[in-house]
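Coordinate analysis (summary)
Spelled out from the first residue to the last, the chains are:
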Amino acid sequence: GNLNLASQVTGTLATGNGGTGATSFAAGKILQYKRTVLSSSVTRTGTSFASVMTDTITCSSTSTYLLVICTVNYRMNCNDNTSNPYGNIRLVATPSGGSKDTKADQGLYDINSAGATNVVRDYSGALSAYWNPNTTNQITIGMDNAMGAATGSMTIFGSNQTTNATAFNIFEVS
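These lines cover the structure that appears in this document, whether it is placed above or below.

Conventions we followed
- Residues numbered from 1 in each chain as written.
- Predicted model: local features only at pLDDT ≥ 70, side-chain atom pairs only at ≥ 80, totals over all residues.
- Heavy atoms only, no water.
- Helix = DSSP H or I, 4+ residues; strand = E, 2+ residues; numbered from the N terminus.
- Buried < 20%, exposed > 50% of the residue type's maximum accessible area, 1.4 Å probe, protein only.
- Contact = heavy atoms within 4.5 Å.
- Salt bridge = Lys/Arg side-chain N within 4 Å of Asp/Glu carboxyl O.
- Pairing = 2+ DSSP bridges.
- Axes fitted to C-alpha atoms, helices over the stretch in contact; angles between N-to-C directions.
- Phe/Tyr/Trp six-rings, centres within 6.5 Å; stacked < 30°, edge-to-face > 60°.
- Core = buried A, V, L, I, M, F, W, Y, C linked by side-chain atoms within 4.5 Å.

Further remarks concern the environment of C59. Mapped onto the elements, C59 comes out in the loop between β3 (50-58) and β4 (65-78). Residue classification places C59 among the buried residues on the basis of a relative accessible area of 3%. C59 sits 115 residues away from S174 along the chain, and the two C-alpha atoms are 9.9 Å apart. In contact with C59, not counting residues within four places along its chain, are Q32, T64, L66, P133, T135, T136, I139 and E172.

The full count for this structure, using the stated rule, is five salt bridges. Between D105 and R90 there is a salt bridge, with its nearest N and O atoms 3.5 Å apart. Taken together, the residues span a long stretch of sequence, with D105 in strand β6 (residues 101-109) and R90 in strand β5 (residues 86-95) at a distance of 15 residues. D144 is the salt-bridge partner of K100, the closest N and O atoms lying 2.8 Å from each other. In this pair, K100 is assigned in the loop between β5 and β6 and D144 in strand β8 (residues 138-147), connecting sequence segments 44 residues apart. Looking at K100, the relative accessible area reads 52%, which means it is exposed.

The next thing to look at is the sheet that holds β5. Reading across the sheet, the four strands line up as β3-β8-β5-β6 and stay open at both edges, with antiparallel pairing between neighbours. For this open sheet the edge positions go to β3 and β6, each flanked by a neighbour on one side alone. Pairwise comparison of adjacent strand axes, ignoring direction, gives a mean angle of 15° for this sheet.

Per the stated rule, a full pass over the model turns up three aromatic pairs. With 4.9 Å between their ring centres and 45° between their planes, Y33 and F171 make a pair best called tilted. One end of the pair, Y33, is in strand β1 (residues 30-37); the other, F171, is in strand β10 (residues 167-173), with 138 residues separating them in the sequence. On the accessibility criterion, F171 (17% relative accessible area) is buried. Both rings, one in Y74 and one in Y123, keep their centres 5.4 Å apart while their planes meet at 25°; by these two values the pair is stacked. Highlighted residues: Y74 in strand β4 and Y123 in strand β7 (residues 119-131), separated in sequence by 49 residues. The class of Y74 is buried, set by a relative accessible area of 7%.

A separate point is the pairing of β4. Alternating positions in β4 separate cleanly, L66, V68, C70, V72, Y74, M76 and C78 being buried on one face and Y65, L67, I69, T71, N73, R75 and N77 remaining unburied on the opposite face. As paired strands, β4 and β10 are joined by seven bridges and run antiparallel to one another. Paired with Y65 across the bridge in β10 is V173. Note: β4 against β7, 13 bridges, orientation antiparallel. Within the sheet, the bridge partner assigned to Y74 lies in β7 and is Y123. Of the pairings in the sheet, the one linking β4 to strand β9 (residues 152-156) comprises five bridges and is antiparallel in character. Counterpart to N77 in the pairing with β9 is S153.

A few words on the nonpolar core. In terms of nonpolar packing, the biggest core is built from 28 residues, with I89, L91, I141, M143, I156 and F168 touching the most fellow members. Of all the elements in the fold, those that place two or more residues in this core are β3, β4, β5, β6, β7, β8, β9 and β10.

Following this line, the structure appears as structure tokens:
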């Protein structure tokens, strides 16, 4: 038969097999959540990093962590028959009064099929980072991108082309 722990047992019970012994869980609690969606697509041909989108968050304590997940949908376009378009997407964080810090970096590369011109391919991916910013100053979270060569282009899709195609999910975690 079954034992009713509420009425048939007194005193302190040991932790059962597979249990944690915890009566409450404070660690890992989500303190804030923000979602930002890229509203309009951004096309880049330049080889210098430039901002695609940003959002800000202010942590409630110097001991909390940030978890940022950036989902991205993009198009690589090769506009000649002798090269391959390539570039990078970066997840960056800039604390107020501080300098920009790369938290995650994704290299993007498209192979020009058989020397064809105007090759277009669509991709999706994600970048994520988890860190303790150690500040209660405002932090700007951003996604930057750049082409590695000027022979192609990269379009980061916004909701004007595909609903919620590119977005930040920013969590402050205790």
